[in-house]
Amino acid sequence: MAGTPRIAIIGAGLGGCTAAALLHQAGYEVRLYEQAPAFSRLGAGIHLGPNLMQVMRRVGIEEQLVKVGNEPDFWYSRDGRTGEITGKVPLSDSRVRYGAPYLTIHRGDFAQLLADAVPASILKYGKKVDSVEDTGDDVRLVFSDGTTETADIVVGADGVNSVVRERLLGPELPQHTGYAAHRAVFRTPMQSLDLPFDMCTKWWADDRHMMVYYVTRKKDEIYFVTGVPGGEDWNLDVRYTPSTKQELRETFAGWHPTVQALIEEAQEITFWPLLERDPLPLWSRGRMVLLGDACHPMKPHMGQGAAMAIEDAGMLVRCLRELGPHRYEQAFKLYETNRSGRAAKVQKVSHENTWLRRDEDPSWCFGYDVFSVPLMQ
Ligand SMILES: Cc1cc2nc3c(=O)[nH]c(=O)nc-3n(C[C@H](O)[C@H](O)[C@H](O)COP(=O)(O)OP(=O)(O)OC[C@H]3O[C@@H](n4cnc5c(N)ncnc54)[C@H](O)[C@@H]3O)c2cc1C
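Summarised in this report is the structure supplied together with it.

### So, the overall build of the chain
Then, number 1: Helices and strands together make up the secondary structure of the chain, namely 11 helices and 19 strands.
Then, number 2: For a compact globule of 377 residues, the expected C-alpha radius of gyration is about 21 Å, and the chain comes in at 21 Å, within 12% of that figure.
Then, number 3: With respect to the principal axes defined by its C-alpha atoms, the chain has extents near 70 × 45 × 35 Å.
Then, number 4: Residues classed as buried in the chain amount to 56% of the 377 residues present.
Then, number 5: For the chain, restricting intrachain contacts to residue pairs at least 6 apart in sequence, the fraction spanning at least 24 positions comes to 73%.

In structure tokens form, the structure reads like this:
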């Protein structure tokens, strides 16, 4: 490899776009390949914790996100039936406590701002990678449209069914967790009842929950995402299916009037399988490296799945800079050393679904800055 290495990133999800923006800023020659024909706006919300926002500051879109997203005062946990508060963790002091704000936002607004941070000339839509092969001198990518490209380094940011993971570790389907999630974004209900529409609340029972938050600074749009038993026999070729109010009424029968009111106001409801993988034995080999859901898909119950993909991107760029791009294999090992423990811990806590149900100190998660945390060698 002579000169600046050519880096191909597969997958323009939240992790891939972050990696592309940061690597481009660092002066690398980057191509970002996405199978979708164009940008699409997913109807969902997302938590942007301060650990994720530290990375967005480097990407250069922190202020734009703050203008659009909501800053919740607390993460409330409430009993799903009685409404009793079981946990109340402060978020509004996140800038002081953790060095960056905590936002809740429409996922489409976030994804759009992040995609816009990637120069259009390097983001290639309609490019589904069918196979990747490390030839020793470079990596050969074969696309489903019959074209081929080569790169010096390949980053697999291609999600839970990653072709790069399969190339490194062989075919293996992700595990179904036995849980699934309803998602709906809709206009904030105009309530005459005196219901607790806190800014960010998780309504809990032992085997199911509903997380609710505003997705705009104006608080005129609200989102809920559930975690409920089901979906074990899911056809993995299908990403999500439509759902109904009736299904939610039955799933949350007897729950608090706020939950009932939200179900009645929801318009378009979708239903998603929740998939996981056990921690992988390796994250890279030769010229190929993984990040995000490609290597550690998890239940979304901490609201930290995308944050882990984005932190990975930050750490990968940091390690390449630290060691120099020509020592990419050592940089990939340093990256894995510094990411695998944290990703596995977040996977575990997400799986157990205990996060912030009672008051606890979240600083190990929220207070992490991928650019300043001491590097483990
Ligand atoms: C119901 C639900 C709720 C969630 N809520 C939250 C939340 O509140 N907060 C949070 O942080 N996380 C949340 N997550 C998790 C989060 O969505 C994921 O962890 C995150 O999207 C992972 O990002 P990624 O970039 O690694 O992968 P993805 O977002 O899956 O992106 C992968 C990209 O690669 C592309 N791709 C795949 N294969 C190929 C190929 N062969 N060739 C080219 N392109 C390809 C895909 O089209 C896609 O664009 C939630 C997940 C679910 C299911």
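### Brief notes about the side chain of Glu-276
Then, number 1: Secondary-structure assignment places Glu-276 in strand β17 (residues 269–276).
Then, number 2: Buried charge without a salt bridge: Glu-276, with Lys-299 as the nearest opposite-charge side chain at an N-O distance of 5.3 Å.
Then, number 3: Within the structure, the side chain of Glu-276 is placed 2.7 Å from the side chain of His-351, a separation counted as a polar contact.
Then, number 4: Ignoring anything within four residues of it in the chain, the contact list for Glu-276 reads Pro-174, Gln-175, Thr-177, Pro-297, Met-298, Lys-299 and His-351.

### Concerning the site of the ligand
Then, number 1: The full set close to the ligand counts 30 residues, and Gly-15, Glu-34, Arg-107, Asp-293 and Ala-306 are the nearest of them.
Then, number 2: Interatomic distance of 2.9 Å between a backbone N/O atom of Gly-15 and an oxygen atom of the ligand.
Then, number 3: Separating an oxygen atom of the ligand from a side-chain N or O atom of Gln-35 is a distance of 3.0 Å.
Then, number 4: Contact with the protein chains covers 86% of the free accessible surface of the ligand, which is 1000 Å².
Then, number 5: Among the elements of the structure, α1 (14–25), β3 (45–48), β12 (175–187) and α9 (305–323) are those that each provide at least two residues to the shell around the ligand.
Then, number 6: The element that contributes the greatest number of residues to the shell around the ligand is α9, accounting for four residues.
Then, number 7: Across the shell around the ligand, the residue classes break down as 13 nonpolar, 10 polar and seven charged.

### Remarks on the sheet that holds strand β8 (residues 129–134)
Then, number 1: If you trace the three strands from one edge of the open sheet to the other, you get β8-β9-β10, paired in antiparallel fashion. The open sheet is flanked by β8 and β10 (148–151), the only strands paired with a single partner. Going from strand to strand, the sheet's axes swing by 20 degrees on average, the running direction of each strand aside.
Then, number 2: Summarising the sheet, β8 and strand β9 (residues 139–143) pair through five bridges and their orientation is antiparallel. Paired with Glu-133 across the strands is Arg-140, a residue of β9.

### What about the environment of Ile-153?
Then, number 1: Looking at the secondary structure, you find Ile-153 in strand β11 (residues 153–156).
Then, number 2: Those residues in contact with Ile-153 that sit more than four places away from it in its chain are Pro-5, Arg-6, Ile-7, Ala-8, Arg-287, Pro-325, Tyr-328 and Phe-332.

### Section: unusual backbone geometry
Then, number 1: Residues other than glycine seldom take positive phi values, yet Lys-219 does so here, at roughly 60 degrees.
Then, number 2: Along the chain, Lys-219 falls in the loop between β14 (209–214) and β15 (221–229).

### Some details on helix α10 (residues 328–352)
Then, number 1: Relative to the 36 Å expected for 25 residues at 1.5 Å per residue, α10 spans 35 Å between its end C-alpha atoms, a close match to the ideal helical length.
Then, number 2: Where α10 bends most, at Arg-339, the angle is about 35 degrees.
Then, number 3: Immediately beyond the C-terminal end of α10, within one or two residues, lies Asn-353, with a positive phi of roughly 55 degrees.

### Quick look at the packing of aromatic side chains
Then, number 1: Under the defined criterion, the tally for this structure stands at 13 aromatic pairs.
Then, number 2: When the centroid spacing of 5.6 Å and the interplanar angle of 55 degrees are considered together, the rings of Phe-74 and Tyr-76 count as tilted.
Then, number 3: On the basis of relative accessibility, which here comes to 23%, the residue Phe-74 falls in the partly exposed class.
Then, number 4: One aromatic cluster is present, built from ring pairs that chain together Tyr-98, Tyr-102, Trp-355, Trp-364 and Phe-366.
Then, number 5: Lys-127 extends its terminal NZ or CZ atom over the ring of Phe-143, reaching a point 4.6 Å from the ring centre.
Then, number 6: Sitting over the face of the ring of Tyr-368, Arg-342 holds its NZ or CZ atom 3.7 Å from the ring centroid.

### Focus: the pattern of salt bridges
Then, number 1: Counting across every chain of the model gives 19 salt bridges.
Then, number 2: In this structure, the salt-bridge partner of Glu-71 is Arg-95, at a minimum N-O distance of 2.6 Å. With Glu-71 in the loop between α3 (62–68) and β4 (74–79) and Arg-95 in helix α4 (residues 94–98), the pair connects residues that are 24 residues apart, well separated along the chain.
Then, number 3: You can call Glu-71 partly exposed: its relative accessible area is 22%.
Then, number 4: The shortest N-O distance in the salt bridge between Asp-130 and Lys-128 comes to 3.5 Å.
Then, number 5: Given a relative accessible area of 43%, Asp-130 falls into the partly exposed group.

Basis of the calculations
Position numbers for residues start from 1 in each chain and track the written sequence from start to end. Given that this is a predicted model, residues contribute local features only at a pLDDT of at least 70 and side-chain atom pairs are listed and counted only at 80 or more, while totals for whole chains, interfaces and linings are drawn from all residues. Computation of side-chain values covers all heavy atoms of the structure but excludes hydrogens and water. Helix numbering and strand numbering both begin at the N terminus, where a helix is a DSSP run of H or I of at least 4 residues and a strand a DSSP run of E of at least 2. Radius of gyration here uses only the C-alpha atoms, and the compact-globule reference equals 2.2 Å multiplied by the residue count raised to the power 0.38. Accessible area is worked out with a 1.4 Å probe on protein chains only. A residue is then buried under 20% of its type maximum, exposed over 50%, and partly exposed in between. Any two residues whose heavy atoms approach within 4.5 Å are treated as being in contact. His is not counted, nor are the chain ends, whereas Lys and Arg count as positive and Asp and Glu as negative. One speaks of a salt bridge when a side-chain nitrogen belonging to Lys or Arg is within 4 Å of a carboxyl oxygen belonging to Asp or Glu. Between N or O atoms, a polar contact is any pair within 3.5 Å; within protein, one atom must be a potential hydrogen donor and the other a potential acceptor, and residues adjacent in sequence are included only when both atoms are from side chains. Throughout, the term near means that a residue has one or more heavy atoms lying within 4 Å of the molecule or strand in question. Surface accessibility follows the Shrake-Rupley procedure with a 1.4 Å probe radius. Residue values consider only the protein chains on display as shielding. Asp, Glu, Lys and Arg are counted as charged, while Ala, Val, Leu, Ile, Met, Phe, Trp, Tyr, Cys and Pro are counted as nonpolar; the rest, among them Gly, fall into the polar class. At least two DSSP bridges between two strands are required for those strands to pair. The angle between two axes is taken between their N-to-C directions and runs from 0 to 180 degrees, where each axis is a line fitted to C-alpha atoms and a helix contributes only its stretch in contact. Take the number of residues in a helix, subtract one, and multiply by 1.5 Å to get its expected span. What the bend at a residue measures is the angle between two axes, fitted to the seven residues ending there and to the seven starting there. The pairing test for Phe, Tyr and Trp rings, Trp by its six-membered ring, is centres within 6.5 Å, and the orientation test on the planes gives stacked under 30 degrees, edge-to-face over 60, and tilted for anything in between. Should the NZ of a Lys or the CZ of an Arg lie within 6 Å of a ring centre and within 35 degrees of the ring normal, that charge is described as sitting over the ring.

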